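Tertiary structure, described
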Amino acid sequence: MPTFVYMTRCDGCGECVDICPSDIMHIDRTYRRAYNIEPNFCWECYSCVKACPQHAIDVRGYADFAPLGHSVRVLREEEKGMISWKIKYRDGRVKEFRFPIRTTPWGSIRPPADYTVPDAAGLGTALLAHEPEALEVDALPTLPPSRNNKV
Ligand code: SF4
Ligand code: SF4
């Protein structure tokens, strides 16, 4: 479900622009309010929904599985440390979900430039760049050999 902005609630702070991994949250040059420039490219990660201090961003279901008449409301309650979702179906049923806000401090994640540049030998391993140290483990778990994969 891609996102959209209630422009009357938005104050143009730009938090959603900064956090969007798909770079599709932009500020309208005339109205100075945010909008999703390309819903088809939305990752549906909802980082913008959770980051918006004005509760100005909601999500809209695709018509094939969420026909007109439903609504999805997202509420960020910073003081409670919770994100609340309220799903309303066309037949009137309501479902509510609550999840804790991630508490990793802003800016505390090391950017890729802080790691040493991987060498070409890494291409021959199953590890991704900077694994396993970036995961803060000594080694990734491996599957024990079983009778099924013995030759
Ligand atoms: Fe960008 Fe994610 Fe928001 Fe979509 S849900 S607009 S990808 S931050
Ligand atoms: Fe508007 Fe919310 Fe985006 Fe700020 S984070 S620009 S208030 S939609």
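Rules used in this analysis
Residues numbered from 1 in each chain as written. Chains lettered and ligands numbered in written order. Predicted model: local features only at pLDDT ≥ 70, side-chain atom pairs only at ≥ 80, totals over all residues. Heavy atoms only, no water. Phe/Tyr/Trp six-rings, centres within 6.5 Å; stacked < 30°, edge-to-face > 60°. Buried < 20%, exposed > 50% of the residue type's maximum accessible area, 1.4 Å probe, protein only. Lys NZ or Arg CZ within 6 Å of the ring centre and 35° of its normal. Core = buried A, V, L, I, M, F, W, Y, C linked by side-chain atoms within 4.5 Å. Helix = DSSP H or I, 4+ residues; strand = E, 2+ residues; numbered from the N terminus. Contact = heavy atoms within 4.5 Å. Near = heavy atom within 4 Å. Nonpolar A, V, L, I, M, F, W, Y, C, P; charged D, E, K, R; others polar. Pairing = 2+ DSSP bridges. Axes fitted to C-alpha atoms, helices over the stretch in contact; angles between N-to-C directions. Salt bridge = Lys/Arg side-chain N within 4 Å of Asp/Glu carboxyl O. pLDDT = per-residue confidence, 0-100.

Let us look at the packing of aromatic side chains. For the coordinates displayed, the defined rule picks out 2 aromatic pairs. On the numbers, 5.0 Å between centres and 70 degrees between planes, the contact of Phe-4 with Tyr-6 is edge-to-face. Owing to a relative accessible area of 16%, Phe-4 belongs among the buried residues under this scheme. You can call Tyr-6 partly exposed: its relative accessible area is 30%. The ring centre of Tyr-6 lies 4.3 Å from the NZ or CZ of Arg-9, which sits over that ring. Positioned over the ring face of Tyr-89 is Arg-93, at 4.4 Å from the centre of the ring.

Our next topic: the nonpolar core. If you look at the biggest cluster of nonpolar residues, it comprises 20 residues, and the most contacted ones within it are Val-5, Met-25, Val-49, Ile-57 and Trp-85. When residues of this core are traced back to their parent elements, those giving at least two are α2 (47-51), β4 (57-59), β5 (71-77) and β6 (82-88). Here this core gets 3 residues from one element, more than from any other, and that element is β6. What Trp-85 contacts, discounting residues up to four positions off in sequence, is Tyr-46, Val-59, Val-72, Arg-73, Val-74, Lys-95, Glu-96, Phe-97 and Phe-99.

What follows concerns the site of ligand 1. Ligand 1 sits among 13 residues. The nearest are Cys-20, Cys-42, Cys-45, Tyr-46 and Cys-48. In terms of residue class, the shell around ligand 1 is made up of 9 nonpolar, 3 polar and 1 charged.

Moving on to the pairing of β5. Taken together, the 7 bridges between β5 and β6 define a ladder with antiparallel strand orientation. Its bridge partner being in β6, Ser-71 is matched across the sheet by Lys-88. The antiparallel pairing of β5 with β6 creates a hairpin that spans 4 residues between the two strands, and Gly-81 there sits at a positive phi of about 70 degrees.

Moving on: the sheet that holds strand β7 (residues 94-100). Strand order in this open sheet of 3 strands is β5-β6-β7, and the pairing throughout is antiparallel. Of all the strands in the sheet, the pair left with one neighbour each is β5 and β7. For this sheet, the mean angle separating the axes of adjacent strands, direction not counted, is 15 degrees. The pairing of β6 with β7 spans 7 bridges and is antiparallel. Note that in β7 the partner of Lys-88 across the bridge is Val-94.

Turning next to the pattern of salt bridges. Following the criterion strictly, the structure yields 5 salt bridges and no others. Where Glu-77 meets Arg-98, a salt bridge forms, and the shortest distance between an N and an O atom there is 3.6 Å. Of this pair, Glu-77 sits in strand β5 while Arg-98 is found in strand β7, placing the two residues 21 residues apart along the sequence. The partner of Arg-93 in a salt bridge is Asp-91, with the nearest N and O atoms 2.9 Å apart. The network of salt bridges with shared partners includes Glu-77, Lys-80 and Arg-98.

As a further point, take the side chain of His-130. One can find His-130 in the segment after β7. The contacts of His-130, once residues within four sequence positions are left out, are Tyr-115, Thr-116 and Pro-118.

In the predicted model, the chain carries a mean pLDDT of 86, and the fraction of residues at 70 or more is 94%. Highest mean pLDDT in the chain belongs to strand β2 (residues 25-27) (97); lowest belongs to β5 (83).

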